[in-house]
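Residues per chain, in single letters:
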Amino acid sequence: MRQRRVLGVDPGLTRCGVGVVEGVPGRPCAMVHYTVVTSDPDLDLADRLLHLDTSLAELIRVHQPDSVAVERVFAQHNVRTVMGTAQAAAVAVLAAARAGLPVRTYTPSEVKAAVTGSGQADKKQVTTMVTRLLRLDAPPRPADAADALALAICHIWRGGTRDRLGEAVRKATSRGEAR
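Here's a quick rundown of the structure. (Residues numbered from 1 in each chain as written. Predicted model: local features only at pLDDT ≥ 70, side-chain atom pairs only at ≥ 80, totals over all residues. Heavy atoms only, no water.)

### Details of the environment of L151
Then comes step 1: Mapped onto the fold, L151 is located in helix α5 (residues 143–178).
Then comes step 2: For L151, a relative accessible area of 0% translates into the label buried. (Helix = DSSP H or I, 4+ residues; strand = E, 2+ residues; numbered from the N terminus. Buried < 20%, exposed > 50% of the residue type's maximum accessible area, 1.4 Å probe, protein only.)

### Looking at the sheet that holds strand β2 (residues 15–23)
Hydrogen bonding along the main chain pairs the strands of a sheet, whether they run parallel or antiparallel.
Then comes step 1: Read from one edge to the other, the open sheet built from five strands follows the order β3-β2-β1-β4-β5, with strand pairing classed as mixed. In this open sheet, the two edge strands, each paired with only one partner strand, are β3 (30–38) and β5 (103–106). Neighbouring strand axes in the sheet, compared pairwise and without regard to direction, differ in orientation by 20° on average.
Then comes step 2: Contacting β1 (4–10), β2 and β3, helix α1 (residues 45–63) runs over the sheet at an angle of about 165° to β3. (Pairing = 2+ DSSP bridges. Axes fitted to C-alpha atoms, helices over the stretch in contact; angles between N-to-C directions. Contact = heavy atoms within 4.5 Å.)

### Observations regarding helix α4 (residues 123–133)
Then comes step 1: Within α4 the residues assigned to the buried category are V126, T127, V130 and T131. Along the long axis of α4, the arc covered by the buried residues comes to 135°, so they all point the same way. Residues of α4 that are exposed and point more than 90 degrees away from the buried face comprise K124 and R132. (Arc of directions from axis to C-beta.)

### Details of the nonpolar core
Then comes step 1: Of all hydrophobic cores here, the largest spans 21 residues; its most connected members are L7, V9, V18, L52, L56 and V68.
Then comes step 2: Put simply, the parts of the chain that give this core at least two residues each are β1, β2, α1, β4 (67–71) and α2 (79–98).
Then comes step 3: Sorting elements by how many residues they give to this core places α2 first, with six residues.
Then comes step 4: Excluding anything up to four places from it in sequence, V18 contacts L7, G8, H33, Y34, T35, V37, L56, L59 and A148. (Core = buried A, V, L, I, M, F, W, Y, C linked by side-chain atoms within 4.5 Å.)

### Examining α1
Since the α-helix turns once every 3.6 residues, residues separated by three or four places project in the same direction.
Then comes step 1: Along its 19 residues, α1 runs 27 Å from first to last C-alpha, staying within 8% of the 27 Å computed at 1.5 Å per residue.
Then comes step 2: Turning to α1, its buried residues number three or more, namely R48, L49, L52, D53, S55, L56, L59, I60 and H63. The buried residues of α1 occupy one face: seen down the axis, they fall within an arc of 165°.
Then comes step 3: On its buried side, α1 packs onto β1, β2, β3 and α2.
Then comes step 4: If you check the start of α1, you find a side-chain oxygen 3.2 Å away from the backbone N of A46, and it comes from D44.
Then comes step 5: Looking at the residues trailing α1, positive phi occurs at Q64, about 45°. (Expected span 1.5 Å × (residues − 1). Polar contact = N/O pair within 3.5 Å; in protein donor to acceptor, adjacent residues only side chain to side chain.)

### Examining the side chain of H63
Then comes step 1: Note that H63 resides in helix α1.
Then comes step 2: Apart from residues no more than four positions distant in its own chain, H63 is found in contact with R5, V20, V32 and H33.

### Brief notes about the packing of α1 against α2
The geometry of a pair of packed helices is captured by two quantities: the angle between their axes and the separation between those axes.
Then comes step 1: Close contact between α1 and α2 brings their axes to 9 Å; oriented N to C, the two are set at 40°. Viewed along their axes, α1 and α2 adopt a mutual orientation that is oblique. As α1 packs across α2, the resulting crossing turns out to be right-handed. Between α1 and α2, the residues in contact are L45, L49, L52, D53, L56 and I60 and Q87, A88, V91, A92, A95, A96 and R98, respectively.
Then comes step 2: The class makeup of the residues in the contact of α1 with α2 is ten nonpolar, one polar and two charged. (Parallel < 35°, antiparallel > 145°, perpendicular 65-115°, else oblique. Left-handed = near helix turned anticlockwise from the far one by under 90°. Nonpolar A, V, L, I, M, F, W, Y, C, P; charged D, E, K, R; others polar.)

### Section: unusual backbone geometry
Then comes step 1: Cis geometry is found at the peptide bond from R141 to P142, where omega equals -5°.
Then comes step 2: Mapped onto the secondary structure, P142 falls in the loop between α4 and α5.
Then comes step 3: Positive phi, normally seen in glycine, also occurs at Q64, with a value near 45°.
Then comes step 4: On the secondary structure map, Q64 appears in the loop between α1 and β4.
Then comes step 5: Looking at Q64, the relative accessible area reads 54%, which means it is exposed.

This is the structure:
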């Protein structure tokens, strides 16, 4: 089983967490990089989305992930917040697709369950477990960065199998078409 590099994205229009992790299912992962892409809420929406797209494209170029994991947007009471989050998530999916990378989305509960064992864990528990799982000296800050790293870990442990199956199907299909 080969090691996979995953770029996790905790989407947000003002603060978008990005974490890059390497690993294989069932084994400890290693943190490669994390950051938070920020944008000024007073700027025009198009400029904010373009900045996010440019930043994500550069992170993908620099870190060369095998796949991208993005938090699936869920309903919130604040429609404005969910719209911004959905727009940021779409930019992340598009940046990955443009780079030819497979993309998987995970709900917050799926990510929490993968890293803490409970889909009801709070942000502090997620950050604590990410710090332990990646054997970091200090918790990643802000929480958006820890959430992005958690997404990447979740994908390595849960989505890696789906990626391998998809890859096997693509190879089998291409062999069949070549004949």
